[in-house]
Each structure stands twice: as C-alpha cells, then as structure tokens.
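Remarks on the overall topology
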Amino acid sequence: MILCGNPHPFFDRKTSIVSKYISEFDDCEKLFIPMHDECPGHWYLCVIDFKNSHTQILDSLRSKNRDKFRFQSVKTVVEFCQTFFKLSDIGKDVFQFSIDWAPSIPTQENGWDCGVHVIRHMQRFKNGDPMTSSDFCNSMKIRREIACDLVLHEGNREKQTIVAIVCTKTSTRAMKKLLL
C-alpha cells in the first residue's frame, strides 16, 4: 500500500478512517480473525496472541485436503497484519510469531455449525477459558443466544425496532418457545 513512495492515506494514523480504532491496538492482547475457506464453504478462526507471541488456528472441522491451504491463508493474513501494523505505526511485530493448530478443540458434528464454533471460540478464548465439547452440545440454543446477544446489545441502535417487530409478529406462545 505504498503509492509514489508515501504510505497510502488509508494507513495514515492521523487522518484515516482507521485512525479512530488504531489506538486500541496498542493495548490489544489478542486479535480474532474469522477465516473462510470457499471450497467447502467453511469458517475457522485465526487468533493472533500478542501477549504470548504466537498465532493459533482454531478449526472445528479439520481436513487433510484443506489444512495446507488454510495454514497458508492464515500465514498470508498474518503477513498482511504485519504490513498494516508497520504502515500504521503500531508497535506490534507478528512476523516472527509461530503459527500452529490449536490442540484439542471440540469438533463439529455436522457440516453447518462452523460459524457457531467460530463465534463461540471467540467468546471463550478471549478470556482464556478452556473449550469443552459441552459448549457446543446444543447448537440451536447457542444460535439463539448469539442472536439475542446481538439484538439486545447496548450498542445496537436498532434494538427497539427489532424487538418491536418480533413482538408484533410473534405470539406469546411462540415467543416463549423461541426464548427457551
């Protein structure tokens, strides 16, 4: 992102759209990057751990056929992050971090829960909580919890509108079933 010898304005720490968030990187301990493998349509997670100087790949549905591609994709993203950090004058150096697969994470039992696993991994991994297969025993319940967390979050400016629409279109009996 160098144009005519000058950093691209996108990376200018003082004037860019990114400048609003750049200062948060200085205190950041972990960076979560959801990754997508288009071939099977699968989501997995890259976690750059600044505190412990390593990068982990959390994949709930590993595949011998796709591991090499996914590993290389993570490596490419980490290299991009390093370039971004350097151009944005962020004091993070991830270039020398080791990259490895997270040991013993729960695997998904179907072909469609990978996104749920990625979100749950971010929720648990950010605090250093261990992952157990019981965290994923009821994926429909987890999906409802994630949806409720998103809708009811204090930063959601559309919360009142969404709740009003759901209440007017859903009977009390159906609402109880939805929430249970």
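Everything below is about the structure shown above.
These notes cover the structure that comes with them. Just so you know, the residues in each chain are numbered from 1, in the order the chain's sequence is written. With pLDDT at 70 or above as the cut-off, local features in this predicted model cover only qualifying residues; side-chain atom pairs require 80 or more to be listed or tallied, and sums for whole chains, interfaces and linings still use all residues. As a convention, hydrogens and water are excluded, and side-chain values are obtained from all of the structure's heavy atoms.

1. Quick notes on the pairing of strand E6 (residues 98-101)
Note the cut-off: Under the scheme applied here, a residue whose accessible area is under 20% of the maximum for its type counts as buried, over 50% as exposed, and between as partly exposed, the area being computed with a 1.4 Å probe on protein chains only. Where helices and strands are cited, they refer to DSSP runs of H or I of at least four residues and of E of at least two residues respectively, numbered from the N terminus. By definition, two strands form a pair when at least two bridges between them are found by DSSP. Consider the strands pointing away from the viewer: the crossover is right-handed when the path from the first strand over the helix to the second runs clockwise.
A one-sided burial pattern is seen for E6, the buried positions being Ile-99 and Trp-101 and the unburied ones Ser-98 and Asp-100. Of the strand pairs in this sheet, strand E5 (residues 54-58) and E6 are connected by 4 bridges, and their pairing is parallel. What sits directly across from Thr-55, in E6, is Ile-99. Following the backbone out of E5, through helix H2 (residues 67-87) and into the adjacent parallel E6, one traces a crossover that is right-handed.

2. A word on the pairing of strand E4 (residues 42-49)
Counting buried positions over the 8 residues of E4 gives 7, a clear majority of the element. Relative to E4, strand E3 (residues 30-37) runs antiparallel, the two sharing 8 bridges. Considered in E4, the bridge of Ile-33 is made with Cys-46. Where E3 folds back on E4, the antiparallel hairpin that results is connected by 4 residues, among which Gly-41 adopts a positive phi of roughly 65°. Judged from the 5 bridges that link them, E4 and E5 form a sheet pairing that is antiparallel. Considered in E5, the bridge of Asp-49 is made with His-54. Linkage of E4 to E5, two consecutive antiparallel strands, is achieved through a turn of 4 residues, within which Ser-53 is found at a positive phi near 55°.

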